[in-house]
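What follows is the residue order along each chain.
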Amino acid sequence: MQQRVCVGRWHGVAAPVVASPRVARRSSSLDDAWTPAEAYLSTLGFADEELLKVRSRYGQRFDPDVDNKIKPIFRWLTNLGMADLEARKVVVRAPRILARSLENKL
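How each quantity is defined
- Residues numbered from 1 in each chain as written.
- Predicted model: local features only at pLDDT ≥ 70, side-chain atom pairs only at ≥ 80, totals over all residues.
- Heavy atoms only, no water.
- Buried < 20%, exposed > 50% of the residue type's maximum accessible area, 1.4 Å probe, protein only.
- Helix = DSSP H or I, 4+ residues; strand = E, 2+ residues; numbered from the N terminus.
- Arc of directions from axis to C-beta.
- Contact = heavy atoms within 4.5 Å.

Colleague: So what exactly am I meant to see when it comes to helix 2 (residues 36–43) here?
Modeller: One turn of the α-helix equals 3.6 residues, which is why residues spaced by three or four share an orientation. Listing the buried residues of helix 2 in full gives Ala37, Glu38 and Leu41. Seen from one end, helix 2 has its buried residues packed into an arc of 95°, which puts them on one side. Seen from the buried face of helix 2, the exposed residues on the opposite side, beyond 90 degrees, are Pro36 and Thr43. Downstream of helix 2 by a residue or two, glycine 45 has a phi angle that is positive, lying close to 105°.

What follows is the structure, given as structure tokens:
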């Protein structure tokens, strides 16, 4: 199995960063079968690496309803004053937010 190597920055010094084998394995499956939720998130600007993190942290098959869950929650996050990038960071760090209900105030 081939590992992906990228260059990260730490205090202005280039340092190699190796993706974990678990992430490298999942990258091929992301291309194969995107769920509608993942396809929609990619249109919002989520990178493949972010989608992989969301998928792995969600805890079950990542497929929340786009119209009834994802769009209203992104609308709510931006109404709170978050920029698109900040809202993406929230979802990447805590993707279970997309399974929560706005009526129950998350």
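Colleague: Before we go on, may I ask you to explain helix 5 (residues 84–93) in this structure?
Modeller: Here helix 5 has its buried residues at Ala87, Arg88, Val91 and Val92. For helix 5, the arc enclosing every buried residue in end-on projection is 140°, short of the 170-degree limit, so these residues lie on one face. Buried residues along helix 5 sit against helix 3 (48–58) and helix 4 (66–79).

On their own, these measurements won't tell you what the molecule is for.
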